[in-house]
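Take a look at the letters that make up each chain.
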Amino acid sequence: MLGGLLALLSAATFAFNNAAVRKGVLTGSVAQAMAITVPVGLPIFFLVAIPMGAFGPLMTFSLATWVWLSVAGVQHFILGRYCNYRATKAMGAVLTGPVQQGGLVFTLAIAVIALGEALTPLRIIGILLVVGGPALSLHEGLSVRKAAKAAKAAKAAKADPADVSTAGDATILKVGEKAEEAKPVFKPAYFEGYLFATISAAAQGTSPILVRFALEHQGLAGSIAGGLISYGAATVFFCLFLLWPGQLRHVMEIKPVAAKWFTISGLFVGFSQLFRYMALSIAPVSVVTPIQRLSLLFRVYFAKVLTRDHEVLEGKVILGTVISLLGTLALSISTDLVLEYVPLPDFIVAIAHWHWP
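Nothing here was measured: the structure is a model prediction, and the numbers come from that model.

Within the chain, the secondary structure is distributed over 15 helices and two strands. Out of the 357 residues in the chain, the part that is buried amounts to 47%. In the form shown here, the chain has an accessible surface area of approximately 17,500 Å², with 70% of it arising from carbon and sulfur atoms.

What follows is the structure, encoded as structure tokens:
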């Protein structure tokens, strides 16, 4: 019960972190967001490491373990987070979420190739759903963008938006009707958003493999120590980036509103990671991981509350999010667990037990 609750808290706080970042990048830059959210995680892990006794394992880690954890930290908290923020700024947190779930596909691919894990029918279904969800969201988003162009053209020509049709970039107006005021519609930058969301998914989807190499059988204290190293390496890396001419000055020019939301985001993502470690220490991965995927739904809710006018929240986008969520659940849950609790015909059971290799 407690493990499931902690996993739910991890999902909710991670989703709020994404909504807060979206709020912040409306008036601030991605570099300014990184300058606050990356270092904030370090003191959070440091304060938790003291009562958890994490400094003992820290001193016993080998050089190879330090290297793996440092690389994982830079990959996850610098590359992955930067691309996440770029994608969120370009097309909003709601459209970015389903694409980022593709990180599970990257994790699974490496697990099959490098760790000898198997590809099963349930996982194949999960991959198809994870890919299909963002595709549906993209289709709906493009439809919304076309409708926004039509409304804008109608307003300019003093025509009713209902009397406007579009074909590609061409706009056809039925003139003679009274104009209607059209509310500004958020226009996502799809190419930039999908590009950086995919890179973020790859970076954050493969970094857990590096962490596993480094922290296998280390326990909760070792995990906290590992998180401390990863956050520390990411912080040092970003501080070196600030030495680049003009970067420190740009970061210091951050507006107070953006600084507030970036700080909130950094705190929430730090606590989200802590809740995750704590949940995994007292509950099975098969329970924690599916619950954490509910962050997709929390993300939609928080986006409606904080940044409704800067997101695409149409019906098919929400449906695409749900489809992507189902795909991540299929990738997270083992076939044996499903067969244990769901009665299925014998031929379905036989198919479900197929695996490759």
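The structure having been displayed, the exposition proceeds.
Below, the discussion takes up the packing of helix α4 (residues 63-100) against helix α7 (residues 190-215). In contact at an axis separation of 6 Å, α4 and α7 are set at 150 degrees when each is read in the N-to-C sense. As the angle between them shows, α4 and α7 are arranged roughly antiparallel. In terms of crossing hand, the pair formed by α4 and α7 is left-handed. Broken down by class, the residue content of the contact of α4 with α7 amounts to 25 nonpolar, 13 polar and three charged.

This part is about the pattern of salt bridges. Going through the model one piece at a time under the given rule, you end up with one salt bridge. Ionic pairing is found between Glu 192 and Arg 86, a salt bridge with its closest N-O pair at 3.0 Å. Taken as a pair, Glu 192 in helix α7 and Arg 86 in helix α4 lie far apart in primary sequence, 106 residues in all. Residue class for Arg 86 comes out partly exposed when judged on its relative accessible area of 22%.

It is worth spelling out the nonpolar core at this point. Nonpolar side chains tend to gather and get buried jointly when the protein is soluble and globular. Ranked by size, the top nonpolar core spans 36 residues in total, and within it Met 34, Phe 45, Phe 61 and Ile 224 carry the most contacts. Among the elements of the structure, α2 (30-52), α4, α7, α8 (219-241) and α10 (256-282) are those that each provide at least two residues to this core. Counting residues per element, this core draws most heavily on α2, which supplies 10 residues. If we ignore the near neighbours within four places in the chain, the residues touching Met 34 are Pro 39, Phe 77, Ile 78, Arg 81, Tyr 82, Tyr 85 and Phe 238. Counting residues in each nonpolar core, the second largest holds 11 residues, with Leu 95, Tyr 194, Phe 196 and Val 312 among its members.

This part takes up the environment of Trp 354. Tracing the backbone shows Trp 354 in the segment after α15 (346-352). Residues Trp 354 and Pro 121, 233 residues apart in the sequence, show an inter-C-alpha distance of 6.9 Å. Not counting residues within four places of it along the chain, the set of residues in contact with Trp 354 comprises Leu 119, Thr 120, Pro 121 and Ile 124.

Contact pair α4 / helix α12 (residues 295-306): the axes reach a minimum separation of 9 Å and the direction vectors enclose 170 degrees. Classified by the angle their axes make, α4 and α12 are roughly antiparallel. Residues Ala 93, Val 94, Thr 96, Gly 97, Pro 98 and Gln 100 of α4 touch α12, and the partners they reach there are Leu 296, Arg 299, Val 300 and Ala 303. When grouped by side-chain class, the residues that make up the contact of α4 with α12 number six nonpolar, three polar and one charged.

A separate point is the packing of aromatic side chains. Scanning the entire structure with this criterion turns up 10 aromatic pairs. Here Tyr 82 and Phe 196 contribute two aromatic rings whose centre-to-centre distance is 6.4 Å and whose plane-to-plane angle is 80 degrees, an arrangement assigned as edge-to-face. Note that Tyr 82 is positioned in helix α4 and Phe 196 in helix α7, a separation of 114 residues in sequence. On the basis of relative accessible area, Tyr 82 is assigned to the partly exposed category, the value being 30%. Seen from their ring centres, Phe 298 and Phe 302 are 6.5 Å apart, and the 20 degrees between their planes marks the pair as stacked. In this pair, Phe 298 and Phe 302 are both assigned in helix α12, four residues apart and thus about one turn of the helix distant.

A contiguous nonpolar patch, built from Leu 2, Leu 5, Leu 8 and Leu 9 and spanning about 330 Å² of accessible area, is present on the exposed surface. Among the structural elements, Leu 5 can be located in helix α1 (residues 2-24).

All right, on to the side chain of Arg 81 then. By the element assignment, Arg 81 lies in helix α4. A distance of 3.1 Å separates a polar side-chain atom of Arg 81 from the backbone oxygen of Thr 37.

For α4, with 38 residues, the first-to-last C-alpha span of 31 Å runs short of the 56 Å given by 1.5 Å per residue. Where α4 bends most, at Gly 92, the angle is about 120 degrees.

To continue, consider the environment of Pro 57. Note that Pro 57 resides in helix α3 (residues 55-60). Taking the C-alpha atoms as reference, Pro 57 lies 5.5 Å from Gly 222; in sequence the two are 165 residues apart. Not counting the four nearest positions on each side in its chain, Pro 57 is found in contact with Ala 221, Gly 222 and Ala 225.

A few words on the confidence of the model for the chain. For the chain, the average pLDDT comes to 79, and 78% of its residues sit at 70 or higher. Across the chain, the secondary-structure element scoring lowest on mean pLDDT is strand β2 (residues 170-173), at 42, and the one scoring highest is helix α9 (residues 247-252), at 92.

Criteria and cut-off values
The numbers attached to residues start from 1 for each chain and follow its sequence in the written order. Whole-chain, interface and lining totals are the exception, using all residues; otherwise, since this is a predicted model, local features are given only for residues with pLDDT of at least 70 and side-chain atom pairs are given and counted only at 80 or more. To get the side-chain values, take all heavy atoms of the structure and skip hydrogens and water. Strands are runs of DSSP state E lasting at least two residues, helices are runs of H or I lasting at least four, and both sets are numbered from the N terminus onward. Three labels apply to residues, based on accessible area from a 1.4 Å probe with only protein chains included: buried if under 20% of the type maximum, exposed if over 50%, partly exposed otherwise in between. Here the open area of atoms and residues is found with the Shrake-Rupley method and a 1.4 Å probe, where only the protein chains shown may cover a residue. Axis geometry follows a simple rule: fit a line to the C-alpha atoms, using only the stretch in contact for helices, then measure angles between N-to-C directions, giving values from 0 to 180 degrees. Here the word oblique covers every angle except those under 35 degrees (roughly parallel), over 145 (roughly antiparallel) and from 65 to 115 (roughly perpendicular). Helix crossings are classified by the rotation of the near helix relative to the far one: an anticlockwise turn of less than a right angle makes the crossing left-handed, while a clockwise turn makes it right-handed. Classification convention: Asp, Glu, Lys, Arg as charged; Ala, Val, Leu, Ile, Met, Phe, Trp, Tyr, Cys, Pro as nonpolar; all other residues, Gly among them, as polar. Think of a salt bridge as a Lys or Arg side-chain nitrogen and an Asp or Glu carboxyl oxygen that are within 4 Å of each other. Think of a nonpolar core as a cluster: buried Ala, Val, Leu, Ile, Met, Phe, Trp, Tyr and Cys residues, connected wherever their side-chain atoms sit within 4.5 Å. Whether two residues are in contact is decided by their heavy atoms, any of which lying within 4.5 Å being enough. Stacked, edge-to-face and tilted are the three classes for Phe, Tyr and Trp ring pairs, Trp counted by its six-membered ring, which pair at centre distances within 6.5 Å; planes under 30 degrees apart are stacked, over 60 edge-to-face, the rest tilted. Like-charged residues are merged into a patch within 9 Å and nonpolar side chains (Val, Leu, Ile, Met, Phe, Trp, Tyr) within 5 Å, provided each residue has over 30% relative accessible area and no salt bridge. We call two N or O atoms a polar contact when they sit within 3.5 Å, provided that within protein one can donate a hydrogen and the other can accept it, with sequence-adjacent residues counted only if both atoms are side-chain atoms. Here a helix's expected span is defined as the number of its residues, less one, multiplied by 1.5 Å. The bend reported for a residue corresponds to the angle between axes fitted to the seven residues ending at that residue and the seven starting there. The score called pLDDT rates the predictor's confidence residue by residue, from a low of 0 to a high of 100.

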